[in-house]
Amino acid sequence: MSARYDGRMNNQLRPQKASQGILFKADGSARFSFDKTSALCAIHGPLEPRYPTVNSNLIVRVITSSGSLTSPSTMSLAATLRRIFSNVIHLPFQPRSEIQVAVTLESDLGEFALLASSVNAIMLALMDAGVACTKTVAAVCIGINREGKVVLDPGAEEAKGLKSIHTFAFDNHDKSHMVFSSGEFTLNDMKISTVTGGAACRMVLGFMRNVVTQKAERDQKCLL
């Protein structure tokens, strides 16, 4: 496998960083980044719904700190995230309530990579808030270069030269919850990207599991 511009092999993720419980006024919060592609999430709720007739509701807002996405793009991103997590959060466990999710995009490195970081930040923030979920999801970005090779987690400059780019979200049961694609690709490209995306999501889920475990251990020590 050939080395890329940053020295990684095609099947290597960029360095991952994550932290939970970083916003004290939120019920749950987390930051997740692939290298410089970072998203910060705050969870408020479950709260009393604004409209009494609503049984349970999930509100997602996307905020840009750098103006990286236009307003229609942020609305589209918010809608995508809401669709994903409406199937992740166990809404029947939050009857007549509202859960507010605020995502701040902290970098200007492309919509596809930011979508993956946002999914991972929301998942960690929901766990930090103790919101009941039926599954755990993680997301990664996959690219297909001009030679038809799969490139895992492309950086901003690398993404500009790709034939196509895709963001996948898989849960801890290996079920796909999202594929968001752009560019030209064949059916075989999609099949290979899906397999690679599923395997990469399992790696990210393992990383997230360690983050949650380490925070729980730190919190336990504070109680002793």
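Residues numbered from 1 in each chain as written. Predicted model: local features only at pLDDT ≥ 70, side-chain atom pairs only at ≥ 80, totals over all residues. Heavy atoms only, no water.

Visitor: I'd like a rundown of the overall build of the protein, residues and numbers included.
Guide: In terms of helices and strands, the protein carries four helices and nine strands. Its helices and strands in sequence order give the protein the pattern β-β-β-β-α-β-α-β-β-α-β-β-α, from N to C terminus. Counting the 224 residues in the protein, one finds 47% classified as buried. Restricting to contacts in the protein with at least 6 residues of sequence separation, those with at least 24 account for 67%. Working note: accessible area of the protein is about 11100 Å², and carbon and sulfur atoms make up 54% of it. (Helix = DSSP H or I, 4+ residues; strand = E, 2+ residues; numbered from the N terminus. Buried < 20%, exposed > 50% of the residue type's maximum accessible area, 1.4 Å probe, protein only. Contact = heavy atoms within 4.5 Å. Areas by Shrake-Rupley, 256 points an atom, 1.4 Å probe, with all protein chains shown as cover.)

Visitor: Please provide a residue-by-residue account of the pairing of strand β5 (residues 97-105), values included.
Guide: Of all nine residues in β5, eight are buried, a share of seventy percent or more. Bridge count for strand β3 (residues 37-47) against β5 is seven bridges, and the pairing is antiparallel. Across the sheet, L40 pairs through a bridge with T104, a residue of β5. (Pairing = 2+ DSSP bridges.)

Visitor: Requested: an account of unusual backbone geometry, with residues and values cited.
Guide: In terms of backbone geometry, most residues other than glycine have negative phi values and most peptide bonds are trans. Each neighbour pair has its own omega, and for G45 with P46 the value is 5 degrees, a cis peptide bond. Residue position: P46 is located in strand β3. Residue D153 is not a glycine yet carries a positive backbone phi of 50 degrees.

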